[in-house]
Amino acid sequence: MQELWVVAGLVFDAGGRVLIAQRPTDKALAGRWEFPGGKVAADETAHAAIVRELREEIGIEAGDAERLMYYAAVYPGRTIWLDVWMIKDWSGEPRGLDAQALEWVEPSRLREHDILEADAPIVAALSRRSASGKTDTRCWPTVDPVVLPELGKADTRSGITT
């Protein structure tokens, strides 16, 4: 089974909206929405990957970041390990450098968008935080690797060391 390690960044504006990106027409799952990020290269850490991916994909410079969640999404023939980071400090003007649309969205309204199923745990966590009014990153839950039931069989791998 093929395994991919992918990072995703939660980038918030001053009003508390989170940035989502629409997958380009030439990629799998075109037109669906996701959090910006991409594949981790064999020779880089997850933090280095999220900094690089945000620069390459949406043109921002990420500074301080904190890992929030890590889990698996299992598809037929492959497992995608999602490594989700809160981007605490960033500069620049986000723009779609990969021909993708970008949108700032209130966390409570993410479910109104056609977000990838693999990002459902992120959407759920953001919705819970939005409803609770919590903003302190220390309040984020620790999430063990999970598999979305509709995507396939459970994978027992415990994680990837960064």
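This structure is a prediction, so every number in the text was calculated from the model and none was measured.

1. A short note on the overall build of the protein
Right, so step 1: Of the regular secondary structure elements, the protein holds 2 helices and 9 strands.
Right, so step 2: Order of helices (α) and strands (β) in the protein, N terminus to C terminus: β-β-β-β-α-β-β-β-β-β-α.
Right, so step 3: Per-residue burial over the protein gives 48% buried out of 162 residues.
Right, so step 4: Intrachain contacts of the protein at a sequence separation of at least 6 include 68% that bridge at least 24 residues.
Right, so step 5: Accessible surface, the protein as shown: approximately 8,300 Å² in total, 49% of it carbon and sulfur.

2. A word on helix α1 (residues 46-58)
Right, so step 1: Between its terminal C-alpha atoms α1 stretches 17 Å, which fits the 18 Å expected from 13 residues at 1.5 Å a residue.
Right, so step 2: Among all positions of α1, only A46, A49, I50, V51, E53, L54, E57 and I58 are buried.
Right, so step 3: One or two steps after α1, the chain reaches G59, where phi turns positive at roughly 70 degrees.

3. Some details on unusual backbone geometry
Right, so step 1: In this model, L29 sits at a positive phi of 60 degrees, which is unusual for a non-glycine residue.
Right, so step 2: Within the element layout of this structure, L29 appears in the loop between β2 (18-22) and β3 (33-34).
Right, so step 3: The partly exposed category is assigned to L29, whose relative accessible area is 42%.

4. A word on the side chain of R32
Right, so step 1: Positionally, R32 belongs in the loop between β2 and β3.
Right, so step 2: A polar atom in the side chain of R32 sits 3.1 Å from the side chain of E117.
Right, so step 3: Leave out the neighbours within four places in its chain, and R32 touches A21, Q22, R23, D114, I115, L116 and E117.

5. Re the sheet that holds strand β9 (residues 102-105)
Right, so step 1: Reading across the sheet, the 3 strands line up as β3-β2-β9 and stay open at both edges, with antiparallel pairing between neighbours. Since the sheet does not close on itself, it has two edges, and those belong to β3 and β9, each with one partner.
Right, so step 2: Note that β2 and β9 share 4 bridges and pair antiparallel. Among the inter-strand pairings, I20 is bridged to a residue of β9, identified as E103.

6. Concerning the sheet that holds strand β1 (residues 2-11)
Two strands in a sheet stick together by hydrogen bonds in their backbones, pointing the same way (parallel) or opposite ways (antiparallel).
Right, so step 1: Strand order in this open sheet of 4 strands is β4-β1-β7-β6, and the pairing throughout is mixed. The open sheet has two edge strands with one neighbour each: β4 (37-39) and β6 (65-75). If you compare each strand with its neighbour and ignore which way they point, the axes differ by 20 degrees on average.
Right, so step 2: Pairing of β1 with strand β7 (residues 78-87), which is carried by 10 bridges, proceeds in the parallel orientation. Within β7, the position partnered with L4 by the bridge is I80.

What counts as what
Residues numbered from 1 in each chain as written. Predicted model: local features only at pLDDT ≥ 70, side-chain atom pairs only at ≥ 80, totals over all residues. Heavy atoms only, no water. Helix = DSSP H or I, 4+ residues; strand = E, 2+ residues; numbered from the N terminus. Buried < 20%, exposed > 50% of the residue type's maximum accessible area, 1.4 Å probe, protein only. Contact = heavy atoms within 4.5 Å. Areas by Shrake-Rupley, 256 points an atom, 1.4 Å probe, with all protein chains shown as cover. Expected span 1.5 Å × (residues − 1). Polar contact = N/O pair within 3.5 Å; in protein donor to acceptor, adjacent residues only side chain to side chain. Pairing = 2+ DSSP bridges. Axes fitted to C-alpha atoms, helices over the stretch in contact; angles between N-to-C directions.

Geometric descriptors of this kind do not, in isolation, establish any biological role.
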